[in-house]
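These are the residues of each chain, in order.
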Amino acid sequence: MSKRIAILGSTGSIGCNALAVIEHLGAPYQAVALSGNRNTARLVEQIRQHRPSAVAVRDDEAAGAIAPLAGGAVLYRGADGLVEMVQRDDIDIVLAAIVGAAGLPAVMSAIQAKKTIALANKEALVVAGSLVIPEAKKRGVELLPVDSEHSAIFQAMQAGRREDVKRVILTASGGPFRDWPVQRMQQATVDEALAHPTWNMGGKITIDSATMFNKGLELIEACWLFGLPPSKIEIVIHPESVVHSMVEFVDGSVLAQLSPPDMRTPIQYALTWPHRRNGISRMLDLTKAFSLNFEPPNFDKFPALRLAYDVACMGGTAGAVMNAANEIAVSAFLEGNIAFGRISAVVADTISQHQLQEHPSMDDLLEADRWARNQANLIISQ
Ligand code: NDP
Ligand code: MG
């Protein structure tokens, strides 16, 4: 079967890992389309190495800079270019690895073009799961999770029938501030928040892990991917990040997927599914003693968790608003404009000022996203 892959966000952390996996797998796996935003140097390097037939870049200026180095690849420009590129006939699988709501239009376009989707871009589901999931079902498109927890759930689910699932247990490392006193955490510096104990990832998701908004986004992502209400998803802190999540069935059996924390494992599974191939990641070494720990999360210390459960129950435009406000608050923190402790407060305030729409169209969701960005910026500037 043909495995021609478009990597949206190829210059990012997931994108680079995906290219390493594709190189490791060899034929028929092939990166035929790439996309970058600001990191033109890395994109040029990837073009040289992988010789894609299509490349999407930020704007005309980037296209001008890249054209002489593109080796004949067709260049697509801006957000509309991404939407157009994923529809190409020479693409079988679209790996959605752009960060944030910016990745949504291309995901929707790829589904409409009936491409298999390997989904890392969780924000696309948080914003528009109510439209993305029905569209994928309507077109018979597979939506394969790349997020390690969702890949684990997807794998464990294969051991039983959907109607026999009692609950899903979503594991979380707890991030860098798991053991910090709240007061100290509120004033954490950017470097401290970027120092994740178990995963090496892009900046935004690393901050999301520190606030635990990442787990909140993943809760909503899991509701959409597996058709579950939030009440059937429980979050458990597991600092070692070895058990990537679990599924409990009605008979009391709990199935888990384990592997060392390395995104190349779930990326590869999404690309080779329903088959498995030799991996490039380190294997779990059970010849040495080690322990796995589990503890309940602290909802008071990490308000993002309760917010996410509330948003998951609200539905409608709530996910788009939470996501957009969080994107703005994370950028403001990274730019030194707000304290770490204000990120959750900015998101909570934005949500509380929002007029919920229960059955939004794509335009309504994009409008909610725009509104929330403005509102969050206003709250930050007050
Ligand atoms: P990075 O920040 O490392 O990479 C993001 C990618 O998206 C880059 O290629 C970047 O281009 C591109 N990009 C950013 N903004 C835009 C935009 N407005 N338009 C087009 N392209 C854009 O992020 P990660 O790889 O860490 O994460 C990607 C996604 O995968 C996120 O949704 C994240 O939540 C999810 N994910 C990531 C995991 C990880 O281990 N990293 C684990 C599980 C999920 P450039 O760099 O050229 O500017
Ligand atoms: Mg994850």
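Note that this is a predicted model, so its numbers are computed, not measured. (Residues numbered from 1 in each chain as written. Chains lettered and ligands numbered in written order. Predicted model: local features only at pLDDT ≥ 70, side-chain atom pairs only at ≥ 80, totals over all residues. Heavy atoms only, no water.)

A sheet is described by the order of its strands in space; here four strands give the open sequence β9-β8-β10-β11, paired in mixed fashion. Both edges of this open sheet fall to β9 (233-237) and β11 (254-258), since each of them pairs with a single strand only. Strand-to-strand twist across the sheet, computed as the mean angle between neighbouring axes with direction ignored, equals 20 degrees. Here strand β8 (residues 165-172) runs beside β9; their pairing, made up of five bridges, is parallel. (Pairing = 2+ DSSP bridges. Helix = DSSP H or I, 4+ residues; strand = E, 2+ residues; numbered from the N terminus. Axes fitted to C-alpha atoms, helices over the stretch in contact; angles between N-to-C directions.)

Let us look at the sheet that holds strand β6 (residues 116-119). Note: strands within a sheet are paired through backbone hydrogen bonds, in either parallel or antiparallel orientation. The strand order across the open sheet formed by seven strands is β4-β3-β2-β1-β5-β6-β7, and the pairing between neighbours is parallel. Every other strand in the sheet has two partners, leaving β4 (74-77) and β7 (143-145) as the edge strands with one partner each. In this sheet, adjacent strand axes meet at a mean angle of 25 degrees when their direction is disregarded. As judged from the three bridges shared by β6 and β7, these two strands associate in the parallel manner. Paired with Leu119 across the two strands is Pro145, which belongs to β7.

This part covers the domain arrangement of the protein chain. Taken as a whole, the protein chain is organised into domain 1 (3-145), domain 2 (147-262 + 282-301) and domain 3 (315-382). Here domain 2 and domain 3 have C-alpha centroids that lie 24 Å from each other. Listed by partner, the interface residues are 17 residues for domain 2 and 13 residues for domain 3. Summing both partners gives a buried area of about 1300 Å² for domain 2 against domain 3, and 78% of it is carried by carbon and sulfur. Broken down residue by residue, the surface that domain 2 buries against domain 3 is led by Lys204, Ile207 and Phe213, which jointly contribute 39%. (Domains from an automatic or database assignment. Contact = heavy atoms within 4.5 Å. Buried area = accessible area lost by both parts, 1.4 Å probe.)

Another point: the coordination of the magnesium ion (ligand 2). Each protein donor to the magnesium ion (ligand 2) is listed here as Asp147 (OD), Glu149 (OE) and Glu218 (OE); together their distances run 2.0 to 2.2 Å. If you list the donors of the magnesium ion (ligand 2) from N- to C-terminus, the spacing comes out as D-x1-E-x68-E. Of this pair, Glu149 sits in helix α7 (residues 148-157) while Glu218 sits in helix α11 (residues 213-226), and the two are 69 residues apart along the sequence. For the residue pair Glu149 and Glu218, the accessibility class agrees, reading buried in each case. (Donors = N, O, S within 2.8 Å, 3.2 Å for Na, K, Ca; no water. Buried < 20%, exposed > 50% of the residue type's maximum accessible area, 1.4 Å probe, protein only.)

For the rest of this paragraph, the subject is the pattern of salt bridges. Summed over the entire model, instances satisfying the criterion amount to 25 salt bridges. A salt bridge links Arg306 to Asp300; the nearest nitrogen and oxygen atoms lie 3.4 Å apart. Note on Asp300: relative accessible area 67%, which makes it exposed. Via salt bridges that share partners, Lys122, Asp147, Glu149, Lys215 and Glu218 belong to a single interconnected network. (Salt bridge = Lys/Arg side-chain N within 4 Å of Asp/Glu carboxyl O.)

The next point concerns the packing of helix α6 (residues 122-139) against helix α14 (residues 318-334). Two numbers describe a pair of packed helices, the interaxial angle and the distance between the axes. The contact between α6 and α14 brings their axes to 7 Å, and the two run at 140 degrees. In this view, α6 runs oblique relative to α14, as classed from their interaxial angle. Counting all contacts with α6, which are made through Glu123, Val126 and Val127, the residues of α14 involved are Gly319, Ala320, Asn323 and Glu327. Class assignment for the residues of the contact of α6 with α14 results in three nonpolar, two polar and two charged. (Parallel < 35°, antiparallel > 145°, perpendicular 65-115°, else oblique. Nonpolar A, V, L, I, M, F, W, Y, C, P; charged D, E, K, R; others polar.)

Turning to the site of ligand 1, a few remarks are in order. Around ligand 1 lies a shell of 23 residues, among which Thr11, Ser13, Asn37, Arg38 and Glu123 are the nearest. For ligand 1, an oxygen atom lies 2.9 Å from a polar atom in the backbone of Ser13. Arg38 is positioned with one of its backbone polar atoms (N or O) 2.8 Å from an oxygen atom of ligand 1. Coverage of ligand 1 by the protein chains reaches 84% of its 900 Å² of free accessible surface. Elements supplying a minimum of two residues to the shell around ligand 1: α1 (13-25) and α6. Looking at the shell around ligand 1 residue by residue, the classes come out as nine nonpolar, ten polar and four charged. Each of domain 1 (3-145) and domain 2 (147-262 + 282-301) gives at least three residues to the shell around ligand 1. (Near = heavy atom within 4 Å. Polar contact = N/O pair within 3.5 Å; in protein donor to acceptor, adjacent residues only side chain to side chain. Areas by Shrake-Rupley, 256 points an atom, 1.4 Å probe, with all protein chains shown as cover.)

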